[in-house]
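A structural walkthrough
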Amino acid sequence: MNNFEFYNPVHIVFGKGTISQLSDLLPKNKKIMITYGGGSIMKNGVYTQVTEALKGFSYVEFGGIEPNPTYETMMEALALAKQEKVEFLLAVGGGSVIDGTKLLAAALCVNDEPWGILQGEIPVEKAVPLGCVLTLPATGSEMNGSAVISRTATQEKLSFGSKFVLPQFSILDPETCYSLPDKQIANGIVDAFIHVMEQYLTFPVNTPLQDRWAEGVLHTLVEEGPKAMKNKTDYDTMANFMWSATMALNGIISRGAVEDWSTHIIGHELTALHGIDHARTLAIVLPANMNLRRNVKGEKIIQYGERIWGVTQGSANERIDATIEKTVAFFESLGVPTHLRAYDVPKETCTLVAERLKNRGVVEFGEKDDITPELVTKILLDRY
Ligand code: NZQ
Ligand code: ZN
């Protein structure tokens, strides 16, 4: 097992009716800004619950944060937050609202152009505190210190991470998810599943406990995910799905193990170029990543295939092939296509993504630093 540190102070408040606890969780006498997305919270009653709980607090609102939150939109939020002298941020929504709000929290504490935070040029040394009300299980953003931001003007999608943007608290009420469209539930299952894979499907360093935690999350997603799509208002099913997605990316399952993240690095480029939903980009890239990097991931793929899908017969290569097929079939069963051509993307994208990464200096990545621009192209062509 590798050396590690683990620090996750996020106060999770989980369960039915918990939004009312905002009145205890939020700081009194501080100016608050509520941030939200395109209006789902107005339709499903979450906005009403939040504003009920905020009676007596001083707050302003900023709505309209889009899926794959843009830098441009968040700079509008920044101007308002500065003007209103906001001291606490409350993100109400999915990963996009939470990520956008994390950028805002950090940007409020820097003097230079905040894009430097995403470029890794401005270190985040402090941030305005934030809390969350999560309405979409998927990203784990509610319990981690990462954010992914898109810039429309330059077609970029970059991320940053800092302990200073870990939420102070996150409220997870599964009933807020009853209004989710099927597509978003499917996306959430796939995103959470692949978060686990990025931290588990690498090479073994003797971490049996972390492996079984990871496999526990995968098993639960395979069992509960499809049920959540079929019956969105089944409380326990939604609760199990919601908690699985949080556990998939709050840092715990990867401590001491080896992480990859190459599927995300390549997937983000597909979203930046073609606007494909985040989870769907991952469903394209992961099977090819497993196929073409079986020299790196083989041992873990065989373990995963056996423990999650019951693949026990055949040679190592046959078992790896069968495991990839089972994984693809699972994503497709959720209505998530796993080929690039299904998203009307030209073949040139396969080389363009590699060039874009190369131009940013991303030329050796993955858990063995073995992914070159040539391999990026091969991975995308493998699933065209
Ligand atoms: O904008 P509104 O109207 O709220 O609608 C949203 C949006 O259209 C809707 N929605 C959310 N909750 C709902 C709901 N509709 C009905 N009922 C509800 N309860 O769902 C749509 C998608 O929302 P979004 O927040 O974009 O989805 P998600 O949570 O999947 O977030 C995706 C973003 O997170 C980033 C992705 O790259 C992408 O930008 N990620 C963030 C990570 C992190 N911070 O750790 C890790 C991930 O790997 C990921 O990269
Ligand atoms: Zn993801």
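Residues numbered from 1 in each chain as written. Chains lettered and ligands numbered in written order. Predicted model: local features only at pLDDT ≥ 70, side-chain atom pairs only at ≥ 80, totals over all residues. Heavy atoms only, no water.

Scanning the protein from N- to C-terminus turns up 15 helices and eight strands. Dimensions of the protein, computed from the C-alpha atoms along their principal axes, are close to 65 × 45 × 45 Å. The buried share among the 384 residues of the protein stands at 58%. Look at the contacts in the protein between residues 6 or more apart in sequence, and 79% of them connect residues 24 or more apart. With an accessible surface of roughly 15600 Å², the protein has 49% of that area assigned to carbon and sulfur atoms. Averaging the positions of the 35 positive and the 46 negative side-chain charges in the protein gives two centres separated by 1 Å. (Helix = DSSP H or I, 4+ residues; strand = E, 2+ residues; numbered from the N terminus. Buried < 20%, exposed > 50% of the residue type's maximum accessible area, 1.4 Å probe, protein only. Contact = heavy atoms within 4.5 Å. Areas by Shrake-Rupley, 256 points an atom, 1.4 Å probe, with all protein chains shown as cover. Lys, Arg positive; Asp, Glu negative; His and termini not counted. Charge placed at Lys NZ, Arg CZ, Asp CG, Glu CD.)

Our next topic: helix α8 (residues 208–230). A rise of 1.5 Å per residue sets the reference length of α8, with its 23 residues, at 33 Å; its end C-alpha atoms lie 33 Å apart and thus fit the reference within 8%. Along α8, the helix axis deviates most sharply at E224, where the bend reaches about 30°; the proline P226 sits within four residues downstream. Inspection of α8 places Q210, D211, A214, E215, V217, L218, L221, E224, G225, A228 and M229 among the buried residues, and these make up the whole buried set. Elements in contact with the buried residues of α8: α7 (182–200), α9 (235–248), α12 (294–309) and α13 (316–333). (Expected span 1.5 Å × (residues − 1). Bend = angle between axes of the 7 residues up to and from the residue.)

We now examine the packing of aromatic side chains. Following the criterion strictly, the structure yields nine aromatic pairs and no others. Centre to centre, the rings of Y71 and W115 are 5.0 Å apart; their planes meet at 65°, and the pair counts as edge-to-face. Taken together, the positions of Y71 in helix α4 (residues 71–83) and W115 in helix α6 (residues 115–118) put the pair 44 residues apart, joining distant regions of the chain. Exposure class is identical for Y71 and W115. Each is buried. Seen in terms of ring centroids, F88 and F169 are 6.1 Å apart; in terms of plane orientation they differ by 10°. Their pairing is stacked. Here the residue F88 occupies a position in strand β4 (residues 88–93), and F169 occupies one in strand β8 (residues 169–172), the gap between them amounting to 81 residues. With respect to burial, F88 and F169 carry one shared label: buried. (Phe/Tyr/Trp six-rings, centres within 6.5 Å; stacked < 30°, edge-to-face > 60°.)

What follows concerns a nonpolar patch on the surface. There is a patch of nonpolar side chains on the surface, built from M1, F4 and F6 and spanning about 330 Å² of accessible area. Relative to the helices and strands, F4 resides in the segment before β1 (11–14). (Patch = residues over 30% accessible without salt bridge, like charges linked within 9 Å, V, L, I, M, F, W, Y side chains within 5 Å. Salt bridge = Lys/Arg side-chain N within 4 Å of Asp/Glu carboxyl O.)

A separate point is the nonpolar core. F160, F193, M197, I266, Y304, V376 and L380 are the most contacted members of the largest nonpolar core, which has 100 residues in total. No other element matches the 10 residues that α7 contributes to this core. When residues of this core are assigned to domains, at least three map to each of domain 1 (11–176) and domain 2 (182–382). In this structure F193 touches L218, L221, V222, Y304, W309, T327, F330 and F331, once residues within four positions along its chain are discounted. (Core = buried A, V, L, I, M, F, W, Y, C linked by side-chain atoms within 4.5 Å. Domains from an automatic or database assignment.)

The zinc ion (ligand 2) binds to the protein through D191 (OD), H195 (NE2), H264 (NE2) and H278 (NE2); the donor distances cover 2.0 to 2.1 Å. When the donor residues of the zinc ion (ligand 2) are listed from N- to C-terminus, their spacing reads D-x3-H-x68-H-x13-H. With a gap of 73 residues between them, D191 in helix α7 and H264 in helix α10 (residues 262–274) connect regions that are remote in the sequence. Side by side, D191 and H264 carry an identical accessibility label, which is buried. (Donors = N, O, S within 2.8 Å, 3.2 Å for Na, K, Ca; no water.)

Here the focus is the domain arrangement of the protein. Taken domain by domain, the protein comprises domain 1 (11–176) and domain 2 (182–382). Averaged C-alpha coordinates put domain 1 and domain 2 at centres separated by 26 Å. Taking both partners together, domain 1 and domain 2 bury about 2000 Å²; carbon and sulfur atoms supply 65% of that area. For the domain 1 face of the interface with domain 2, the top three residues by lost area are P137, Q155 and K157, together amounting to 29%. The tally of links between domain 1 and domain 2 comes to zero salt bridges. Between the two partners, domain 1 and domain 2, sit four residue pairs in polar contact (both at pLDDT 80 or more). If you tally residues by element for the side of domain 1 that touches domain 2, the top one is strand β7 (residues 156–161), at three residues. Residue composition of the side of domain 1 that touches domain 2, grouped by class: 11 nonpolar, seven polar and six charged. (Buried area = accessible area lost by both parts, 1.4 Å probe. Polar contact = N/O pair within 3.5 Å; in protein donor to acceptor, adjacent residues only side chain to side chain. Nonpolar A, V, L, I, M, F, W, Y, C, P; charged D, E, K, R; others polar.)

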